[in-house]
Structure formats: C-alpha cells, structure tokens
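Working through the structure, step by step
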Amino acid sequence: MSDILEFLQGLYGMVDIASVVAVFVLVWLWGQLGLTGKAQLLSSFATGVVIGIVQQVSTGTVVGFAGWFQVVVYGIILGGLASGAYEAIKGAVLKALAK
C-alpha cells in the first residue's frame, strides 16, 4: 500500500490519506448495505473515482484540459486501487473460510 501511495505522490505531489481511507470506508459501507459481487466491485471503483476527482478539484489548482485529464486519471487510479483492494480482501477472506 505504501508503494502505491508513494507512486501517487510522485505523480501528483500530494496524496490525501484521508481520501484513501474514506474510499475504503465507503466501500465497506456499500457491502454492509447489501451490495455484493460485481455491484460492489463497480461501486468501489466509482467511489474511488468520485472521491479522487473531488479531492483533486478541492485544491483549486485544476486549469485547462491537461489539469482535468490529470484529475480524471488520479480518480481512475484511486478507483482501481479501491476495487483491487476489494477483490484482494474478498479473496483472502474466502481462502481463510475454506480452511
């Protein structure tokens, strides 16, 4: 996880840890509310994208097409991180339950 945060910091200069934690908490919440399978995977990706975009826009430094492109890419990376973590945790839990 720290490698991913370092990668994002290298690309974007700043990574708000609170945003990353918020994504994971919201993904957990969607599961508690009954989302499962592909719906939860898609919601984790969408949550990461939205939180990532909002976090970058909140800095007030987004200017022009290049700025918006970087914001969207950051959101996609955060969404992929969230959905990847969801799949990894799900796999670990299923493996532990199978024992």
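Everything discussed here concerns the structure shown above.
Our subject in this report is the structure included herewith. Computed from a predicted structure; not experimentally measured.

1. So, the overall build of the chain
The helix and strand tally for the chain stands at 4 helices and 0 strands. Listing each helix as α and each strand as β along the chain from the N terminus yields α-α-α-α. Nonlocal contacts in the chain, meaning residues at least 24 apart in sequence, comprise 65% of its contacts between residues at least 6 apart.

2. Section: the packing of helix 2 (residues 17–32) against helix 3 (residues 37–57)
Look at helix 2 against helix 3: their axes get within 9 Å of each other, and the N-to-C directions meet at 150°. The pairing of helix 2 with helix 3 is recorded here as roughly antiparallel in orientation. In the crossing of helix 2 with helix 3, the sense of the turn from one axis to the other is right-handed. Contacts between helix 2 and helix 3 involve S19, V23, L26, V27, W30 and G31 from the first element and Q40, S43, S44, T47, G48, I51 and Q55 from the second.

3. Describing the environment of S83
You can see S83 is positioned in helix 4 (residues 64–98). For S83, a relative accessible area of 11% corresponds to the buried category. Each C-alpha atom of the pair S83 and F45 lies 5.2 Å from the other, and the pair is 38 residues apart in sequence. Discounting residues that sit within four places of it in the chain, S83 has contacts with L41, S44 and F45.

4. Regarding helix 3
Since the α-helix packs 3.6 residues into each turn, any two residues three or four apart lie on the same face. With 21 residues, helix 3 extends 31 Å between its outermost C-alpha atoms, agreeing within 8% with the 30 Å of an ideal straight helix rising 1.5 Å per residue. Residues of helix 3 that are buried: Q40, S43, S44, T47, G48, V49, G52, Q55 and Q56.

5. Some details on the packing of aromatic side chains
Aromatic ring pairs: the centre-centre distance and the angle between the two ring planes describe each pair. With the rule as written, the count across this model stands at 1 aromatic pair. Judged by centre distance (6.2 Å) and plane angle (25°), the ring pair of F65 and F69 falls under stacked. On the criterion of helical spacing, the pair formed by F65 and F69 is a turn pair, its members being 4 residues apart in helix 4. Of the two residues, F65 and F69, both sit in the exposed class.

6. A look at the side chain of S43
Here S43 is to be found in helix 3. Ignoring any residue separated from it by four or fewer positions in sequence, one finds S43 in contact with W30 and L35.

7. Some remarks on helix 2
If you check helix 2, its first and last C-alpha atoms are 23 Å apart, about what 16 residues at 1.5 Å a residue would give, namely 22 Å. Taken as a whole, helix 2 has its buried residues at S19, V20, V23 and V27. Along the axis of helix 2, the buried positions cluster into a sector of 105°, meaning they face one direction only. Among the exposed residues of helix 2, those oriented more than 90 degrees off its buried face are W28 and Q32. Phi turns positive, to about 115°, at G34, one or two residues after helix 2.

The rules behind the values
Residues numbered from 1 in each chain as written. Predicted model: local features only at pLDDT ≥ 70, side-chain atom pairs only at ≥ 80, totals over all residues. Heavy atoms only, no water. Helix = DSSP H or I, 4+ residues; strand = E, 2+ residues; numbered from the N terminus. Contact = heavy atoms within 4.5 Å. Axes fitted to C-alpha atoms, helices over the stretch in contact; angles between N-to-C directions. Parallel < 35°, antiparallel > 145°, perpendicular 65-115°, else oblique. Left-handed = near helix turned anticlockwise from the far one by under 90°. Buried < 20%, exposed > 50% of the residue type's maximum accessible area, 1.4 Å probe, protein only. Expected span 1.5 Å × (residues − 1). Phe/Tyr/Trp six-rings, centres within 6.5 Å; stacked < 30°, edge-to-face > 60°. Arc of directions from axis to C-beta.

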